[in-house]
Amino acid sequence: MSSSIQIKNLKVFYPVRKGILRRIKGYIKAVNQVTLMIEPGQTYSLVGESGCGKSSLGKALVGLAPFTDGDFFIYNVDHKKLLHTNRRRAAAKIQMIFQDPYGSLNPKLKIGDSVAEGASVNNPGLTDRDLRRIAATYLEKVGLYAEDYDKYPFEFSGGQRQRIGIARALAARPDIIICDEVVSALDASVQASILNLLLDLQDEFKLTYIFISHDLSVVRFISHQISIMYLGEIVESGPAAAVLNKPAHPYTKSLLQAVPDPDAQQSKEYQPLAGDVPSPLNLPSGCFFAGRCPYKKEKCRAHPELSGLDNQHTVRCHFPFIHES
Amino acid sequence: MTPVLEIKNLKTYFAMGDKTARAVDNISLPVYKNKTTALVGESGSGKTVTALSILRLLPETAFHPEGKILFKQQNLLKLPYSRLRHVRGKEIAIIFQEPMTALNPVFTVGYQIKETLCAHRPVKNSLARKLILETMREVGLPEPEKQYDSYPHQLSGGMKQRIMIATAIINEPELIIADEPTTALDVTIQAQILYLLKRLKQQHHTSVLYISHDIGVVAETADFIAIMYGGQIMEYAPAQEIIRHPAHPYTRALFASLPYMNKGRRRLNTIPGKVAPAHKYKKGCRFADRCKYKKDICCRENPAAEPVDNTETHLSACFFTREINRGKI
């Protein structure tokens with residue numbers, strides 16, 4: 001199956017420099033050999049704990065983190081090359097919304113100008129008046145008012161600022177929007193309205209979302225495809241229903257168990273996962289998860305490869321859980 | 001059941017220029033012995049201010065709280081500072097949300113636990129060290145001898161929260177106030193900390209006042225749940241009762257907006273409007289402006305908490321709870 005958005009063997013390595021000459025003494029392998037095939041118009045979620053590389057992956061795709069190696073194609077256009085040769089055109093294809101709605105807007109810029117800047121990416125020749133009109137329509141699209149154009153970020157609440165961030169990304173008319181923990185900083189009722197907005201906009205503009213989150217309940221709600229990441233690698237990947245209802249990797253299983261669920265009985269007894277995530281600076285040998293895995297065996301000293309359970313569901317484990325169908 | 005702590009008609013107001021922000025406005029809540037009582041609400045609902053009022057850790061812009069906070073037959077709000085010092089950290093301990101900022105970066109974590117211990121118990125250095133290492137082992141810190149002399153920045157977020165918990169339980173307090181203790185942590189680490197808190201509560205027969213915005217977390221840890229909105233308690237009931245049969249319009253709307261409950265890719269329910277800031281509360285029910293069942297009386301009078309059914313343990317502050325739940329409105 002060839003998908004229209006292909007990310008192949010992506011590596012994001014951050015150099016570690018030491019000493020007076022700041023020589024490179026090693027690399028933090030934030031993302032290592034990640035391959036994603038994304039169907040247009042769908043939501044592809046990347047899930048993991050802090051430090052698993054999900055944000056680095058998102059940032060690399062918009063050119064905010066080093067794209068150390070790998071390929072990135074959008075509809076057979078080499079986007080990696082485009083990022084180097086023409087950032088403006090690259091930005092018109094793929095946009096990003098950030099986690100912190102307080103930190104991601106320029107406090108000295110009118111919010112309308114922030115949005116207009118997004119629109120100007122796609123149409124550099126537009127007059128100020130046109131840009132203002134376009135920005136106003138996008139503000140309305142995300143549930144704000146055209147009159148809000150001349151206001152500054154501090155005049156808005158967290159949820160409204162997140163809407164401004166969405167309008168800014170949308171104004172560039174991208175094919176793909178990367179949503180990096182866009183609802184984690186919001187209250188439950190505000191979170192619901194932002195998630196609804198994302199669904200509506202996806203339908204209206206045929207957007208593809210790369211949705212980065214640690215919150216499995218949100219991911220369950222919004223995703224078509226899911227990849228679970230651990231220490232820079234994908235450990236399990238597949239259609240949302242398969243990964244969440246029939247988890248094959250022990251890590252996915254413990255992530256799902258760790259999610260507090262109001263529907264669950266209080267007597268839910270399980271042993272939480274022991275230990276912390278190891279440092280990506282010195283990765284363990286063998287299976288990265290073995291140190292915390294309750295099912296560890298001799299064979300886990302060898303690093304497992306991603307292998308298919310069926311033609312869509314893949315897992316990186318020597319002893320995956322097999323669910324009867 | 002006897003309450004270990006009883007909050008009665010607590011009002012904590014703040015000065016905001018020439019206006020008054022009514023952050024906590026007339027709340028009453030019992031915290032029962034050996035039970036976990038949870039205060040749940042969105043940001044700005046007044047749950048943290050309630051916690052801080054109990055130990056009088058409020059910032060300077062706050063007026064002195066009105067009402068009563070009864071603990072061991074004494075009103076904490078009237079207690080002189082010299083006596084309050086014996087309560088803080090000894091009989092009532094608090095765990096804060098962000099272990100990164102709650103620990104002092106320039107002292108070793110062992111020293112910081114010792115500070116709390118020695119403030120209330122004059123013990124010799126050797127005994128103090130022994131007690132601290134025992135407690136550190138109890139909260140699941142690996143190699144406590146090594147960790148004793150480490151600084152906060154050398155520990156991960158989960159480890160730091162374990163240090164905070166060790167500090168809180170070292171004097172075996174009767175009540176622990178936990179203010180969003182897992183919000184800053186990853187899910188698997190959150191599960192570890194919740195598991196630890198549950199175990200400690202059972203072993204030490206501690207009562208817990210648990211503050212959180214996450215209904216899922218609270219459903220798993222709490223025995224009783226109070227839902228706060230606009231500085232007031234909207235609904236109070238045993239945990240499973242409130243999760244299964246939310247009665248107040250706000251609680252119902254809040255639960256419906258959670259993605260947990262909705263399986264699959266459907267639109268979520270939203271609550272129209274937004275939370276009013278604490279200096280702009282209007283007359284009447286705090287939730288009235290956003291409530292789909294609003295009637296005239298809701299904008300005139302503030303509803304008192306009334307029993308929802310005949311059990312008397314499930315309270316809801318709404319004029320029309322019974323009608324709404326019977327489907328008559």
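Below is a summary of the structure that appears in this document. Given the structure is predicted, the values throughout are model-derived calculations rather than measurements.

## Let's talk about the overall build of chain A
Helix and strand content of chain A: 10 helices and 12 strands. Computed over C-alpha atoms, the radius of gyration of chain A comes to 21 Å, within 12% of the 20 Å expected from 2.2 N^0.38 for 325 residues, which places it in the range of a compact globule. Along the longest, intermediate and shortest principal axes, the C-alpha atoms of chain A span 70 × 55 × 45 Å. Counting every position in chain A, which comprises 325 residues, the buried fraction comes to 52%. A separation threshold of at least 6 residues defines the contact pool for chain A, and within that pool the share at least 24 residues apart is 65%. Only carbon and sulfur atoms are counted for the fraction: they give 49% of the accessible area of chain A, which is about 14900 Å². Considering chain A, the positive charge centre built from 38 side chains and the negative charge centre built from 33 side chains are found 8 Å apart.

## A look at the layout of surface pockets
Residue and element names in this part refer to chain B. Estimates place the volume of the second largest pocket at around 650 Å³. Forming the walls of the second largest pocket are 22 residues, and the residues nearest its centre are G89, I94, F96, T116 and T167. Only α2 (81–87), β6 (92–95), α4 (109–120) and α7 (157–169) provide two or more residues apiece to the lining of the second largest pocket. For the lining of the second largest pocket, the leading source of residues is α4, giving 5 residues.

## Description of the packing of aromatic side chains
Each aromatic ring pair is described using two quantities: the centre-to-centre distance and the angle formed by the ring planes. By the definition in use, this model includes 13 aromatic pairs over all chains. Measuring from ring centre to ring centre gives 4.5 Å for B:Y229 and B:Y250, while their planes differ by 50°; the resulting arrangement is tilted. Taken together, the residues B:Y229 in strand β9 (residues 224–229) and B:Y250 in helix α11 (residues 249–256) connect sequence positions 21 residues apart. B:Y250 shares its class with B:Y229; the two are buried. Every member of this aromatic cluster is reached through a ring pair, and the members are A:Y230, A:Y251 and A:F289.

## Focus: α4(B)
Residues of α4(B) that are buried: B:V109, B:G110, B:Q112, B:I113, B:T116, B:L117 and B:H120. Here the buried face of α4(B) lies against α2, α5 (125–138), α6 (144–148) and α7 of chain B.

## Focus: the environment of B:R56
Residue and element names in this part refer to chain B. Locating R56 in the fold gives a position in the loop between α1 (47–54) and β4 (66–71). Take R56: its relative accessible area is 11%, and that puts it in the buried class. Taking the C-alpha atoms as reference points, R56 and M16, separated by 40 residues in sequence, lie 19 Å from one another. The residues touching R56, leaving out its near neighbours within four places in the chain, are H64, L76, L77, K78, L79, Y81, L84 and R88.

## Quick word on the sheet that holds strand β6 (residues 94–97) of chain A
All names here are of chain A. Strand order across the open sheet formed by 8 strands is β6-β7-β8-β3-β9-β10-β12-β11, with mixed pairing between neighbours. Each edge of the sheet is formed by a strand with only one pairing partner; in this case those strands are β6 and β11 (307–308). Bridge count between strand β9 (residues 225–230) and strand β10 (residues 233–239): 6 bridges; the pairing is antiparallel. Residue pairing for β10: I228 is matched across the bridge by E236. Of the strands in this sheet, β3 (43–47) and β8 (208–213) are in contact with helix α7 (residues 188–205), which crosses β8 at around 155°.

## A word on the interface of chain B and chain A
With 40 residues of chain B in contact, the opposing surface of chain A contributes 42 residues. Of the roughly 3600 Å² buried between chain B and chain A, counting both surfaces, carbon and sulfur atoms make up 51%. Between chain B and chain A we count 1 salt bridge in total. When the shortest N-O distance is used, the salt bridge between A:D200 and B:R267 registers 2.5 Å. Between chain B and chain A we count 9 residue pairs in polar contact (both at pLDDT 80 or more) in total. For the side of chain B that touches chain A, the secondary structure elements donating two or more residues are α8 (187–204), α9 (215–221) and α10 (239–244) of chain B. The element contributing the most residues to the side of chain B that touches chain A is α8(B), with 8 residues. Of the residues in the side of chain B that touches chain A, the class split is 17 nonpolar, 12 polar and 11 charged.

Calculation notes
- Residues numbered from 1 in each chain as written.
- Chains lettered and ligands numbered in written order.
- Predicted model: local features only at pLDDT ≥ 70, side-chain atom pairs only at ≥ 80, totals over all residues.
- Heavy atoms only, no water.
- Helix = DSSP H or I, 4+ residues; strand = E, 2+ residues; numbered from the N terminus.
- Rg over C-alpha atoms; globule rule 2.2 N^0.38 Å.
- Buried < 20%, exposed > 50% of the residue type's maximum accessible area, 1.4 Å probe, protein only.
- Contact = heavy atoms within 4.5 Å.
- Areas by Shrake-Rupley, 256 points an atom, 1.4 Å probe, with all protein chains shown as cover.
- Lys, Arg positive; Asp, Glu negative; His and termini not counted.
- Charge placed at Lys NZ, Arg CZ, Asp CG, Glu CD.
- 1 Å grid on protein atoms, 1.4 Å probe; cavity = no way out; pocket = protein on both sides within 12 Å on 5 of 7 lines; lining within 4 Å.
- Points joined across faces, edges and corners; volume = space filled by probe spheres on them.
- Phe/Tyr/Trp six-rings, centres within 6.5 Å; stacked < 30°, edge-to-face > 60°.
- Pairing = 2+ DSSP bridges.
- Axes fitted to C-alpha atoms, helices over the stretch in contact; angles between N-to-C directions.
- Buried area = accessible area lost by both parts, 1.4 Å probe.
- Salt bridge = Lys/Arg side-chain N within 4 Å of Asp/Glu carboxyl O.
- Polar contact = N/O pair within 3.5 Å; in protein donor to acceptor, adjacent residues only side chain to side chain.
- Nonpolar A, V, L, I, M, F, W, Y, C, P; charged D, E, K, R; others polar.

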